[in-house]
Amino acid sequence: MSAAFRKAAKSGQRPHRERAQPAARRKLGLLEKKKDYRLRADDYRKKQDALRALQRKALERNPDEFYFQMVRSSLQDGVHVVKQPKDEVTPEQAKVMRTQDLKYVEMKRVAEAKKIERLKSELHLLDAEGKQPNKHVFFFDTKKEVQEFDIATHLNTVPELVDRVYNRPTIATLQKESLKGATDPAHLKKLAQQRKNQYDLLKQRIEREKTMFVIAQKIQTRKDLLDKTQKVKVKKETTNSPAIYKFKFQRKR
């Protein structure tokens, strides 16, 4: 028991005790205590050192220095405001995202994917435009064999069928069996045009399915942003991909 406490107890007075600082008020600074003068002095010197460092940094700053945030910021009413980049969305994507729901877009995408698979199974993509041509390599031992090489003779077919990538019968097959299907040049030209139209339709459906997939991802991203979890944008949105965010991990109960 301290001397001050014993003296107060003898005189019948209530002893004075310094209360501790509440945790909620620690951010406001140190309490005015006689014992805490050293802590308050250290805190004051630390703040003065920080102010001097900032003043020195401002004096030594190069006014012609460039940094990339200058391009994205502007001065409004004396305050620097950072320009937020607009989301890259095509008018068609914006219209679908405003009027349609995620489930509807996903249903249309699945329907397009099924139609694409059906068209691919019918066309086989054997002579589609843009397809990488197949290579057939022949090996020979001498240069004389290379000079005398005849591809029709080597494949045992007629010269008119050499350029075909499919349905190329041999000479023996042509002698045993009669030709089946269209042989008229006009009819063959009509069939080629129909096949080309089918390939164009397949290309359009593939593009439409990709568009639906991107729209569904963007709608899902906007729904995920409604969550109040802390997040950081990793990659901005483009016309072909949604924005990518990294969410703070939260442990589930």
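A short tour of the structure in this document, coming up. Worth saying up front: this structure is predicted, and the values here are computed from it rather than measured.

**So, the environment of Lys218**
Then, number 1: Relative to the helices and strands, Lys218 is located in helix α9 (residues 185-224).
Then, number 2: With relative accessibility at 0%, the residue Lys218 sits in the buried group.
Then, number 3: It is 9.3 Å that separates the C-alpha atoms of Lys218 and Val89, two residues lying 129 residues apart in sequence.

**What to know about a positive patch on the surface**
Then, number 1: Side chains of Lys108, Lys114, Lys115 and Arg118 sit close together on the surface and give a patch of like positive charge.
Then, number 2: In this fold, Lys115 is placed in helix α5 (residues 102-123).
Then, number 3: The class for Lys115 is partly exposed, based on a relative accessible area of 33%.

**Remarks on the nonpolar core**
Then, number 1: Core analysis: the biggest nonpolar cluster contains 7 residues, these being Val96, Leu102, Val105, Met212, Ile215, Ala216 and Ile219.
Then, number 2: When contributions to this core are tallied by element, the ones reaching two or more residues are α5 and α9.
Then, number 3: Once residues lying within four places of it in the same chain are set aside, the contact partners of Val105 are Val96, Gln100, Met212, Ile215, Ala216 and Ile219.
Then, number 4: Membership of the second largest hydrophobic core comes to 5 residues, among which are Leu119, Leu123, Tyr199 and Leu202.

Reading guide: rules and limits
- Per chain, the residues get numbers from 1 upward, laid out in the order the sequence is written.
- Totals for whole chains, interfaces and linings use every residue, but because this is a predicted model, local features are given only for residues with pLDDT of at least 70 and side-chain atom pairs only at 80 or more, for both listing and counting.
- The side-chain values count all of the structure's non-hydrogen atoms but skip hydrogen atoms and water molecules.
- Here a strand is any run of E in DSSP of at least two residues, a helix any run of H or I of at least four, and the numbering for each starts at the N terminus.
- Under the scheme applied here, a residue whose accessible area is under 20% of the maximum for its type counts as buried, over 50% as exposed, and between as partly exposed, the area being computed with a 1.4 Å probe on protein chains only.
- Only residues whose relative accessible area exceeds 30% and that form no salt bridge enter a patch; like-charged residues are grouped when within 9 Å of one another, and nonpolar side chains (Val, Leu, Ile, Met, Phe, Trp, Tyr) when within 5 Å.
- Only the protein chains shown count as cover for residues, and all accessible areas are computed by the Shrake-Rupley method using a 1.4 Å probe.
- Note on definitions: salt bridges are taken to be side-chain nitrogens of Lys or Arg within 4 Å of carboxyl oxygens of Asp or Glu.
- By the counting scheme adopted, Arg and Lys are positive, Glu and Asp are negative, and His together with the chain ends is not counted.
- By convention, the point assigned to a charge is CZ for Arg, NZ for Lys, CD for Glu and CG for Asp.
- The definition of a nonpolar core used throughout is a set of buried Ala, Val, Leu, Ile, Met, Phe, Trp, Tyr and Cys residues joined through side-chain atoms within 4.5 Å.
- Contacts: residue pairs with any heavy atoms within 4.5 Å of one another.

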